[in-house]
Amino acid sequence: MSTELGYQSPAVTVAKTLPDRAADPAVLIVGVVSGDPDNPEATATVVGSDVLDAAAIAEIESACAALGAKGGVDQVSRVVVPSLPVASVLAVGLGKPRDQWPAEVIRQAAGTAARSLNGTEAVISTLGGLDLEATVEGLILGAYRFTEFRSAKTAPKDTGLRSITVLSKAKDAQQRAARAAAVAGAVATARDFVNTPPSHLFPAEFAKRAKALGKAAGLEVEVLSRKALEENGFGGIVGVGQGSSRPPRLVRLIHRSGREDAKTVALVGKGVTFDTGGISIKPAASMHHMTSDMGGAAAVIATVVLAARLKLPIDVIATVPMAENMPSSTAQRPGDVLTQYGGTTVEVLNTDAEGRLILADAIVRACEDDPDYLIETSTLTGAQTVALGARIPGVMGSEEFRDRVAELSQGVGENGWPMPLPDELKDELKSTVADLANVGSSRFAGMLVAGVYLREFVADGVQWVHIDIAGPSYNTGGPWGYTPKGGTGVPTRTMLAVLEDIAEKG
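Computed from a predicted structure; not experimentally measured.

About the cut-offs
- Residues numbered from 1 in each chain as written.
- Predicted model: local features only at pLDDT ≥ 70, side-chain atom pairs only at ≥ 80, totals over all residues.
- Heavy atoms only, no water.
- UniProt positions renumbered as here; feature names shortened; annotations may be inferred.
- Helix = DSSP H or I, 4+ residues; strand = E, 2+ residues; numbered from the N terminus.
- Core = buried A, V, L, I, M, F, W, Y, C linked by side-chain atoms within 4.5 Å.
- Buried < 20%, exposed > 50% of the residue type's maximum accessible area, 1.4 Å probe, protein only.
- Axes fitted to C-alpha atoms, helices over the stretch in contact; angles between N-to-C directions.
- Parallel < 35°, antiparallel > 145°, perpendicular 65-115°, else oblique.
- Left-handed = near helix turned anticlockwise from the far one by under 90°.
- Contact = heavy atoms within 4.5 Å.
- Nonpolar A, V, L, I, M, F, W, Y, C, P; charged D, E, K, R; others polar.
- Salt bridge = Lys/Arg side-chain N within 4 Å of Asp/Glu carboxyl O.
- Phe/Tyr/Trp six-rings, centres within 6.5 Å; stacked < 30°, edge-to-face > 60°.
- Lys NZ or Arg CZ within 6 Å of the ring centre and 35° of its normal.
- Pairing = 2+ DSSP bridges.

Quick notes on the UniProt feature "domain: Cytosol aminopeptidase" (unreviewed entry) in the protein chain
Feature annotation in UniProt places "domain: Cytosol aminopeptidase" (unreviewed entry) on residues 350–357, given in this structure's numbering. End C-alpha to end C-alpha, residues 350–357 measures 11 Å, and it is 38% helix and 0% strand.

Some details on the nonpolar core
Judged by nonpolar contacts, the single largest core of 50 residues is most densely connected at Leu267, Ile301 and Ile375. Of all the elements, helix 8 (residues 295–309) adds the most residues to this core, at eleven residues.

Structural notes on the packing of helix 5 (residues 203–216) against helix 8
Two numbers describe how helix 5 lies on helix 8: the axes approach to 10 Å, and their chain directions differ by 15 degrees. Looking at the two axes, helix 5 sits roughly parallel to helix 8. Handedness of the helix 5/helix 8 crossing: right-handed. Touching Phe206, Ala210, Leu213 and Gly214 of helix 5 are Ala297, Ala298, Ile301, Val305 and Arg309, all from helix 8. Each residue belonging to the contact of helix 5 with helix 8 can be placed in one class, and the counts come to seven nonpolar, one polar and one charged.

Some thoughts on the UniProt feature "active site" (unreviewed entry) in the protein chain
UniProt tags Lys282 and Arg356 as "active site" (unreviewed entry). In contact with Lys282, other than residues within four places in its own chain, are Asp275, Thr276, Gly277, Met287, Met290 and Asp352. Excluding residues that lie within four positions of it along the chain, Arg356 makes contacts with Gln340, Leu380, Thr381, Asn438, Val439, Ala450, Tyr453 and Leu454.

Section: the pattern of salt bridges
Think of it this way: side chains of opposite charge can pair up when their charged atoms draw near. In this structure the tally under the stated criterion is 25 salt bridges. Its salt-bridge partner being Arg107, residue Glu104 comes within 2.4 Å of it at the nearest N-O pair. Of the two residues, Glu104 and Arg107 are both situated in helix 2 (residues 103–115); the distance of three residues between them amounts to about one turn of the helix. The burial state of Glu104 is the same as that of Arg107; both residues are buried. A salt bridge links Arg365 to Asp369, with the shortest nitrogen-to-oxygen separation between them at 3.5 Å.

Quick look at the packing of aromatic side chains
Applying the stated criterion across every chain yields a total of six aromatic pairs. Each ring, one from Tyr453 and one from Phe457, has its centre 5.2 Å from the other, and the planes form 45 degrees; the classification is tilted. The same class applies to Tyr453 and to Phe457, which are both buried. Stacked on the ring of Trp480, the Lys or Arg Arg391 has its end atom at 3.6 Å from the ring centre.

What about the sheet that holds strand 16 (residues 345–348)?
The strand order across the open sheet built from three strands is 15-16-20, with neighbouring strands paired in mixed fashion. The outermost strands of the open sheet, each flanked by one partner alone, are strand 15 (336–339) and strand 20 (436–437). Pairing geometry for strand 16 and strand 20, over two bridges, is parallel. Residue Glu347 lies in a different strand from strand 20, and its bridge partner there is Ala437.

Structure follows, in structure tokens:
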């Protein structure tokens, strides 16, 4: 469920034992694995369920065997176990048995289970015995749905998942579950932003919602209007937004830790609320997917709000440019020259390479805060999907920090992959009339050329990364694991992992 102040996650509680049978009992989710890898006829075996007694486990396994359940990944089997105080049991396959369970395996399984339980308001899960946080995140994100624009004709008749009980005997289980719920809620908030259609999420409205979220979380908030952007020389943001009747904005959200020795991290996210390509207009096919072109901004806003709510002991400053790229009599033209914030002149050879123009302004402004690190993320290039596909973000930037971010991204299941920024690619951006051109002179290495362009605007001494999420931010195919069709919330969890790592290690 979404509100102006972000996604409202299901209530999450932790219990050490199964509750007594209720008038409207929940569905119990258990993990199962292949019983015998050497015997293809072997049926599923329950794992991670130390809160269930041997008789209950035997009943579950017997019921699964009757259905022929093998415990394969993504396989779900719903059975009735009369001795248990639940309406039914959902066995979700985890694949082969393991001594240690990767968090992402549990997260995906929990998401698969939640997606299969439409119409269910309450679940209990033993998956928390394998990984508590991954279970909570997977259940919340798997149960996510966006129904704001459904009429009574097509809206779900049920209220969706309202209650999650995770079975765990860990001493700090409730605290860990609450943190996981906050993380999943932030991802879902980013999804809500991305899924909101451009008719209802344009720069002024996006800024309004970001301000409301920021104020509710205790952040400092600054919003620059078109007039202020013009007066202060934000030529990239103004240039991209000048073709639209809905003027651009720049939003700044600031989390102060209150510590004198705190590291400062700048976050920058591309907020193009709809991208037609401008005068260099895109083909009609799939243009509607450009509702997602503000996925980087959505994730940045969700992340800085989450940093405040988790009280991270670092300073986090988000700088979020917002514009709508439209063709009109006032739109910028191919061949125009604009001046980025900070003074660099740019020949706009292609108005569909607009993201880097608004990001360059924001990066220069973010660097004025003298950050130790800068993380920028954007749905920047179709070349990202050519190079890495729809599920793997490309991570570019300062090599040491780039590799650190990519490793953390892989650890949380968002799978960022390090990519180079060869110096020779700067020659691609030569202009005959200005300091830079906004696109390369050839069709090769488009993702890297865009990263090289952004590098020109990062201040010396700032460790930085650019995360290209053109494919991963928006799932145009069918749902899988905890990932729905539409907005995914990537890379919110990556940025949080990096912020927490910086807070711990500097």
